[in-house]
Amino acid sequence: MSMELDVFVGNTTLLDDEVYELWLDGYPVSDAVQARAEAGVLRQWDPSPEVLLSDTTDQYRTFQMCERLLHCPTKLANQLLFQIPAHRQAALIERYYAFDSALARDLLGKKLSKGTKKDLDDISARTGVTLKSCRRQFENFRRVFKVVEELKGPLVENIQHHFLLPDRLARDYAAVVFFASNRFETGKRKLQYLSFQDLAFCAQQLISDWTVGAGGSMSEDMDVDLEKEFLHDLKDLKILISDKDLLGQHKSLVCAALRGKIKVFNEMEANFKFIEPCHSDRWSIRDLRLFLTHYTSTAHRLHCFRYLGIWERYMGVIKSCILKMYHD
């Protein structure tokens, strides 16, 4: 009686990047073997189909065993089961926590709870992301959210410290956490043209200037909570539109500053609202930037307007967000 055994003995754990990507995308072993065969692995290395199946199965088994460590990346460097060089560990972590922008856009602003998890079938169908990959990415969002939601200190730094993510990816996760915590309604029909990166940029502006941590405080969840005192003080800015004399003065100053400098002067003079009127009147991004700059700066010349500190803090973020959201 004879038996065939597949045996692998070694020190450094060998991980195939292409197979890892297939595993992350949620493909079963059989589909991964077919994808590798179609990619030319059989022609390139001349393994038998059986060897390719065995190698793929072994790779999948390794990834599944590593997954519990990837849930808490700081443990990956301290474990002894898998001998993985530091640079390879960093790559594994980054790719495990990378996400599809379409999926993130769909989830943005929603509560990261079991109720939302039940909708992943529909989200998978809408975005074209496999259900297994949707579940992994959703659990990553929820895991990061749970760990950093109550921590003091800068949100991005907390994410980097606990999950060892590169700066760009940590900032994207910070946007997801921020929107989930504050429940912004990003799913409205009028906002569907905005991409995840558009909204992530806006989140960073709010985090940098409107949260508790914007002033350097370490006493609260500084980068998750919007500063209540600042939000309360914003009501004072209503005087710019509720006081007809002040509104007229402001409009006159802006028009005087922009006369002859923008192509849409007549449309601007007739309408001081943003984005939708600008789209319909076909403003260029240059004209919009120039308008917002003078709309902000001319408030300093209004003698009865006493809220310049709040105004600058408010308009600094509003200007950046409008320019990012305006797709001319």
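Here's what I pulled together on the structure shown here. If you're wondering where the values come from, they're calculated on a predicted model, not measured in any experiment.

**Considerations on the state of the cysteines**
Enumeration over the complete set of coordinates arrives at 0 disulfides. With no disulfide partner, C72 has as its closest neighbouring cysteine sulfur the one in C66, 14 Å distant. According to the relative accessible area criterion, C72 is partly exposed, its value standing at 27%.

**What to know about the side chain of Q204**
Tracing the sequence through the fold places Q204 in helix α12 (residues 196–209). Look at Q204 and you get buried, because its relative accessible area is 13%. Beyond its immediate chain neighbours, meaning those up to four positions away, Q204 contacts V156, R171, A174 and A175.

**Quick word on the nonpolar core**
Core analysis: the largest hydrophobic core is formed by 92 residues, its most contacted members being Y97, I159, L165, Y173 and M268. No other element matches the 10 residues that helix α11 (residues 167–182) contributes to this core. Residue contacts for I159: discarding those within four places in its chain leaves V144, V148, L164, L165, A170, Y173 and A174.

**A word on the pattern of salt bridges**
Pairs can form between side chains of opposite charge whenever their charged atoms are close. Taken as a whole, this structure holds 16 salt bridges when the rule is applied. Here D16 and R36 are joined by a salt bridge, their closest N and O atoms 3.7 Å apart. Note that D16 is positioned in the segment before α1 (17–24) and R36 in helix α2 (residues 29–38), a separation of 20 residues in sequence. When salt bridges that share partners are traced, they join D17, E21, R88 and R95 into one network.

Cut-off values and rules
Residues numbered from 1 in each chain as written. Predicted model: local features only at pLDDT ≥ 70, side-chain atom pairs only at ≥ 80, totals over all residues. Heavy atoms only, no water. Disulfide = S-S within 2.5 Å. Buried < 20%, exposed > 50% of the residue type's maximum accessible area, 1.4 Å probe, protein only. Helix = DSSP H or I, 4+ residues; strand = E, 2+ residues; numbered from the N terminus. Contact = heavy atoms within 4.5 Å. Core = buried A, V, L, I, M, F, W, Y, C linked by side-chain atoms within 4.5 Å. Salt bridge = Lys/Arg side-chain N within 4 Å of Asp/Glu carboxyl O.

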